[in-house]
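Fold and geometry: a report
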Amino acid sequence: MIVAIDGPAGSGKSSVARAVARRRGLMLLDTGAMYRAITWRCLMRGVSCEDEGAVSREAAQARVSFGVGDDGSQTVMLDGDDVTRQIRLPEVDRNVSAVSSFKAVREAMVAQQRQLAAAQDVIAEGRDVGTVVFPQADVKVFLTADARERAFRLPLIPLAGAWCPRRRGVRGDRVAGFCKGRFPVSVIPFCRLKRARRGRAGRARARAPLGAAADAVLIDSSRLTFDEVVDRIVRMMDRVG
Ligand code: DC
């Protein structure tokens, strides 16, 4: 079974994929984490993340996989080392977009993603999993959220130290409506805006641009609760067996 979840940053695809994986005992194939692991490897080895040739060589040599931590949560392994925490560092955030744009890096990661899915049932999450990596996926979802678009019209309100909650650090009862009740309302637009801009850059990029596969089921997470989104995907899985 291969379930593919594509969608823009901020649509909630990571949280949804994690919940579905847990409910159905699938491996969560977090493709963004794989590009982050390559970025971390480059940073550790003093390789410039802008140097396509050098970064491509790192990607060709690196082996990324997923494990299970002491608390049962999924870990990200790079060449046998647990890098789950390191790949979320700001330094990685700043460089991963460049690293993930290189053709050879994408080819190396796509090959590893397919190997992982050949060995077990997976729910794959990322910008190209339904279109490029697993065009034959059993279930394909394109998760979106209109809150993202609204963010463009809102003013920037940076509040020192508080304006941008850590990605995935806050969960609310709505997939795209996190932060509500936990941060001042004025804090929300700015963090969304950052995500929205990244989404726009993603749609415009040359390699693996963000887009829905023709046969993907579109789910707008801003109109549903988190559980409703998860239930919908689980029901789609039940229908295909
Ligand atoms: O979802 P994320 O923030 O962990 O993704 C990290 C980066 O990798 C982000 O710049 C998008 C990119 N990415 C990609 O190019 N292709 C994927 N399949 C997944 C993520």
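All of the points below concern the structure found in this document. Here the structure is a predicted model, which is why all the values come from computation and not from measurement. (Residues numbered from 1 in each chain as written. Predicted model: local features only at pLDDT ≥ 70, side-chain atom pairs only at ≥ 80, totals over all residues. Heavy atoms only, no water.)

Tallying secondary structure elements over the protein chain gives nine helices and eight strands in all. When each of the 241 residues of the protein chain is scored for burial, the buried share is 50%. Sequence separation of 24 or more characterises 76% of the internal contacts of the protein chain that already satisfy a separation of 6 or more. (Helix = DSSP H or I, 4+ residues; strand = E, 2+ residues; numbered from the N terminus. Buried < 20%, exposed > 50% of the residue type's maximum accessible area, 1.4 Å probe, protein only. Contact = heavy atoms within 4.5 Å.)

With 14 residues, helix α2 (residues 31-44) ought to run about 20 Å at 1.5 Å a step, and its terminal C-alpha atoms sit 20 Å apart, in line with that. Burial analysis of α2 places 11 of its 14 residues in the buried class, the great majority of the element. For α2, the set of buried residues is Thr31, Ala33, Met34, Tyr35, Arg36, Ala37, Ile38, Thr39, Trp40, Arg41 and Cys42. Where α2 begins, the capping side chain belongs to aspartate 30, and its oxygen is found 3.2 Å from the backbone nitrogen of glycine 32. Positive phi shows up at glycine 46, right after α2, with a value of about 70°. (Expected span 1.5 Å × (residues − 1). Polar contact = N/O pair within 3.5 Å; in protein donor to acceptor, adjacent residues only side chain to side chain.)

Let us now look at the pattern of salt bridges. Once their charged atoms are close, side chains differing in charge can pair, the charge on each being opposite to the other. Under the counting rule described, the total for this entry stands at 11 salt bridges. Taken together, the shared-partner salt bridges connect Arg41, Arg45, Glu58 and Asp79 into one network. (Salt bridge = Lys/Arg side-chain N within 4 Å of Asp/Glu carboxyl O.)

Running from N to C, helix α3 (residues 52-61) and helix α5 (residues 103-119) cross one another at 10°; their axes reach a closest spacing of 8 Å. Taken together, α3 and α5 sit at an angle that is classed as roughly parallel. In the crossing of α3 with α5, the sense of the turn from one axis to the other is left-handed. Touching Glu52, Val55, Ser56 and Ala59 of α3 are Lys103, Ala104, Val105, Ala108, Met109 and Gln112, all from α5. Partitioned by chemical class, the residues of the contact of α3 with α5 number six nonpolar, two polar and two charged. (Axes fitted to C-alpha atoms, helices over the stretch in contact; angles between N-to-C directions. Parallel < 35°, antiparallel > 145°, perpendicular 65-115°, else oblique. Left-handed = near helix turned anticlockwise from the far one by under 90°. Nonpolar A, V, L, I, M, F, W, Y, C, P; charged D, E, K, R; others polar.)

Ordered in space as β3-β4-β5, the three strands form an open sheet in which the pairing is antiparallel. With partners counted over all chains shown, the strands left at the sheet margins are β3 (64-68) and β5 (81-82), one partner each. (Pairing = 2+ DSSP bridges.)

This paragraph deals with unusual backbone geometry. In the Ramachandran plot, aspartate 79 falls in the positive-phi region, its phi being about 50° despite a non-glycine side chain. Relative to the helices and strands, aspartate 79 resides in the loop between β4 (74-78) and β5.

This paragraph deals with the nonpolar core. Within the largest apolar cluster, 39 residues are counted, with the highest numbers of intra-cluster contacts made by Leu29, Ile38, Val64, Phe66, Val76 and Phe134. Top element by residues in this core is α2. It accounts for seven residues. In this structure phenylalanine 66 touches Met27, Leu28, Leu29, Asp30, Ala33, Met34, Gln74, Thr75, Val76, Met77 and Leu116, once residues within four positions along its chain are discounted. Ranked by size, the runner-up nonpolar core spans 22 residues in total, among them Ala19, Ala21, Leu26 and Ile123. (Core = buried A, V, L, I, M, F, W, Y, C linked by side-chain atoms within 4.5 Å.)

Before going further, it helps to examine the sheet that holds strand β1 (residues 2-6). Two modes of strand pairing occur in sheets, parallel and antiparallel, and in both the strands are linked by backbone hydrogen bonds. Reading across from one edge, β2-β6-β1-β7-β8 is the order of the five strands in this open sheet, with parallel pairing throughout. Where the open sheet ends on each side, the last strands, each with one partner, are β2 (27-30) and β8 (217-220). For this sheet the average axis-to-axis angle between neighbouring strands, irrespective of direction, equals 20°. With four bridges joining them, β2 and strand β6 (residues 122-125) adopt parallel strand pairing. If you follow leucine 29 over to β6, its bridge partner there is alanine 124. Sheet contacts for α2: β2 and β6; angle to β2, the most-contacted strand, approximately 55°. Set on the sheet, helix α9 (residues 226-240) makes contact with β1, β7 (139-144) and β8; between it and β7 the angle comes to about 165°.

What is shown is where atoms sit, not what they do.
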